[in-house]
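A structural walkthrough
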2 protein chains.
Amino acid sequence: MRRFSHVLFIAGALVFSAVSAICAPLASWNDGPAKQAIETFVKKVTDPDGKDFVSPEQRIAVFDNDGTLWVEQPMYTQLAFALDRVRQLAPQHPEWQENPLLKAAIEGDMKTLAASGDKGLLELVTVTHAGMSPAAFQQIVTDWLASAEHPRFKRRYTDLVYQPMLEVLAYLRENGFTTYVVSGGGIEFMRAWSDRVYGILPAQVVGSSIKTRFEIVDGKPTLIRLPEVNFIDDGAGKPVGINEHIGQRPIAAFGNSDGDLQMLQWTSTGAGPRLGMIVHHTDAEREYAYDRNSHFGRLDKAMDLAPAEGWVLIDMKNDWKDVFPAAK
Amino acid sequence: MRRFSHVLFIAGALVFSAVSAICAPLASWNDGPAKQAIETFVKKVTDPDGKDFVSPEQRIAVFDNDGTLWVEQPMYTQLAFALDRVRQLAPQHPEWQENPLLKAAIEGDMKTLAASGDKGLLELVTVTHAGMSPAAFQQIVTDWLASAEHPRFKRRYTDLVYQPMLEVLAYLRENGFTTYVVSGGGIEFMRAWSDRVYGILPAQVVGSSIKTRFEIVDGKPTLIRLPEVNFIDDGAGKPVGINEHIGQRPIAAFGNSDGDLQMLQWTSTGAGPRLGMIVHHTDAEREYAYDRNSHFGRLDKAMDLAPAEGWVLIDMKNDWKDVFPAAK
């Protein structure tokens, strides 16, 4: 019986720990100023008797995506997708060999690609993401995500989301918040999986977009994605995207780079209680360590402004017990 | 005692009728094919055991605004607002006297205005709706609505919403739908009052827009509305606006004019159960009677296509017990 009760004890402990992992709101967070800032803020705005109470319709929280909710190194996931797509489509487009940027993409010449800057990346995305309906595009993204692997972690990209941030999303929603993704990434690229991975519906995704046209094709109403930029939801574009899609000023914003600076400013200078947080990538061992000198997710000016603005830095290495969800 | 019990009976009857008005889902609708179409559709998509069951996240219903949810005669309410605003601002803008369109607006020369067509109306709106933040603009709209009166009904414009349609909005939401306004009208113009009047939050309003810019003014993060068109959410623009803001194809659409044609097509040709309805203005006595020849809210092609497409016409005169909410 001794061994049996031992097994029972272990089983019980496992069940208990699984249950607390599910029930404790921020289970993957170490106690510290970051976790405390989140909890204090949520208690404050949800206390109906407190002076800082915020009605549920006003509880809007916005999250950057790349580097805030999932990995953005060694390159944005959408860029990895675009590169795979260029290579896959290249045989049908011999004319792409005449375009230095597309040629570099086909040949995996990352140096030329990097030198092309954001403008080059935009051209790459525009060329490879157009010519089909949003639904067909999302299916292409879904298929790619089902097989593509991150080069270092050898896991699917949608498994490389930050477990502690999934807990923040859930914790806020349990407390009456509506959670939005507000990302420089493509709106339809994210919508393909945001509900499944983040519990964020398509209408709660704000992102960059290319133009779309409605037309009747063979008697069938159709939306077609065009190779033409519609909106860039980055930097000073983020408050504009928020205004267009949400129509209310958020009370909480989570970012990780200078691309989130204006979103943090816009969110945190409204009246009443505000929460601004910045994921600081300090963990080279479990994820990556980068800030001021990174090509993707450069964090410089926003970090300098953080103390004066009251934005709380999340120290990935010290604040997070786990970075990614456990492998299944 | 006789008289007293009589009073009690009347009081009881009044309470009962008030309660049924609140509780009966479509109390202002006469029994008929339109009411039946709504009820049958809702029962079908919410029956968990039925083959047509639709999960709550997919229950998206879209409503045109002008002529579908509120009065659009003798002119769009937003146009009445723009005209009042031109007159109010004219003293500060002597240069407007040089512009034939603005001059006509200042002088109330409706013939010239009408002849300028949609392009003229757009210029009028762009000029008078820019130069301030979205919040400041909404305050201007709110103030105007608090005093402006409809020329015929002598009531506030927000009282001239269709009571039966308010009931449809409530009935759908009670059945797990998310309801959106999708209108050619200005997104910020509608957001100023859509929550209070329709129970539709700013994020669930899709409309036409002018461009907005984020900038730091005197150290303060600010959004400024620019006199430049961003998006026209009308006709073939409606499915595009729906895709951009909602990211899902609706399963129910309510319109009243040819400007809603593509929204109806886009909604009703998706897989599974679909509901398309058209408010037909047949009641010159209680509201207005117009369709094919109307300048505002022309209903021609969509009416021709309705039978083949399965769109149900709402006959205002016969289907609606009341048109507007009772005056308070």
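Just above sits the structure.
The shown structure was predicted, so the numbers you read here are calculated from the model rather than taken from an experiment. (Residues numbered from 1 in each chain as written. Chains lettered and ligands numbered in written order. Predicted model: local features only at pLDDT ≥ 70, side-chain atom pairs only at ≥ 80, totals over all residues. Heavy atoms only, no water.)

A closer look at the overall build of chain A
Per the secondary structure count, chain A includes 14 helices and eight strands. Radius of gyration (C-alpha) of chain A: 21 Å, near the 20 Å computed for a compact globule of 328 residues. Of all intrachain contacts in chain A linking residues separated by at least 6 positions in sequence, the fraction that spans at least 24 positions is 67%. Total accessible area on chain A is roughly 14,800 Å²; 55% of this is exposed by carbon and sulfur atoms. (Helix = DSSP H or I, 4+ residues; strand = E, 2+ residues; numbered from the N terminus. Rg over C-alpha atoms; globule rule 2.2 N^0.38 Å. Contact = heavy atoms within 4.5 Å. Areas by Shrake-Rupley, 256 points an atom, 1.4 Å probe, with all protein chains shown as cover.)

Some details on the relation of the copies chain A and chain B
Relative to chain B, chain A is turned by 180 degrees and slid 0.0 Å along the rotation axis, the superposed coordinates differing by an RMSD of 0.0 Å. Classification of the inter-copy transformation places it as that of a two-fold axis. By C-alpha distance to the rotation axis, the residue of chain A lying nearest is A:His245, at 3.1 Å. Of the residues that chain A buries at the interface, 100% are likewise interface residues in chain B, meaning the two copies contact each other through the same surface. (Least-squares fit on C-alpha atoms with pLDDT ≥ 70 in both.)

Focus on the packing of aromatic side chains
All names here are of chain B. The full count for this structure, using the stated rule, is 30 aromatic pairs over all chains. Ring centres of Trp144 and Tyr157 lie 5.3 Å apart, and the angle between their planes is 15 degrees; on these two criteria the pair is classed as stacked. In this pair, Trp144 is assigned in helix α7 (residues 134–147) and Tyr157 in the loop between α7 and α8 (163–174), connecting sequence segments 13 residues apart. Given the relative accessible area of 11%, Trp144 is considered buried. (Phe/Tyr/Trp six-rings, centres within 6.5 Å; stacked < 30°, edge-to-face > 60°. Buried < 20%, exposed > 50% of the residue type's maximum accessible area, 1.4 Å probe, protein only.)

Focus: helix α3 (residues 77–89) of chain B
Residue and element names in this part refer to chain B. In this model α3 runs 18 Å from its N-terminal to its C-terminal C-alpha over 13 residues, within 8% of the 18 Å that 1.5 Å per residue would give. Across the 13 residues of α3, 10 count as buried, placing the element largely inside the fold. Of the residues making up α3, those classed as buried are Thr77, Gln78, Leu79, Ala80, Phe81, Ala82, Leu83, Arg85, Val86 and Leu89. (Expected span 1.5 Å × (residues − 1).)

Focus on unusual backbone geometry
Following A:Gln73, the chain continues into A:Pro74 via a peptide bond in cis, with omega recorded as 0 degrees. Counting through the fold element by element, A:Pro74 comes out in the loop between β1 (60–63) and α3 (77–89). Its identity as a non-glycine residue notwithstanding, B:Lys154 has a phi of 50 degrees, on the positive side. Counting through the fold element by element, B:Lys154 comes out in the loop between α7 and α8.

Quick look at the pattern of salt bridges
Residues and elements named next belong to chain A. Counting across every chain of the model gives 24 salt bridges over all chains. Across the pair Asp31 and Lys35 runs a salt bridge whose closest N-O atoms are separated by 3.2 Å. The closest approach of N and O atoms between Arg292 and Asp300, which form a salt bridge, is 2.6 Å. One network of salt bridges, in which partners are shared, links Arg292, Arg298, Asp300 and Asp304. (Salt bridge = Lys/Arg side-chain N within 4 Å of Asp/Glu carboxyl O.)

Concerning the interface of chain A and chain B
Each partner contributes to the interface: chain A provides 32 residues, whereas chain B provides 32 residues. Between chain A and chain B lies a buried interface of about 2,600 Å² when both sides are counted; carbon and sulfur atoms form 58% of it. Summed over the shared surface of chain A and chain B, the result is zero salt bridges. On inspection of chain A and its partner chain B, the count reaches 10 residue pairs in polar contact (both at pLDDT 80 or more). Mapped onto the side of chain A that touches chain B, the elements with two or more residues apiece are α9 (187–191), β3 (205–217), β4 (220–231), α11 (237–245) and α12 (261–268) of chain A. Split by residue class, the side of chain A that touches chain B holds 15 nonpolar, 11 polar and six charged. (Buried area = accessible area lost by both parts, 1.4 Å probe. Polar contact = N/O pair within 3.5 Å; in protein donor to acceptor, adjacent residues only side chain to side chain. Nonpolar A, V, L, I, M, F, W, Y, C, P; charged D, E, K, R; others polar.)

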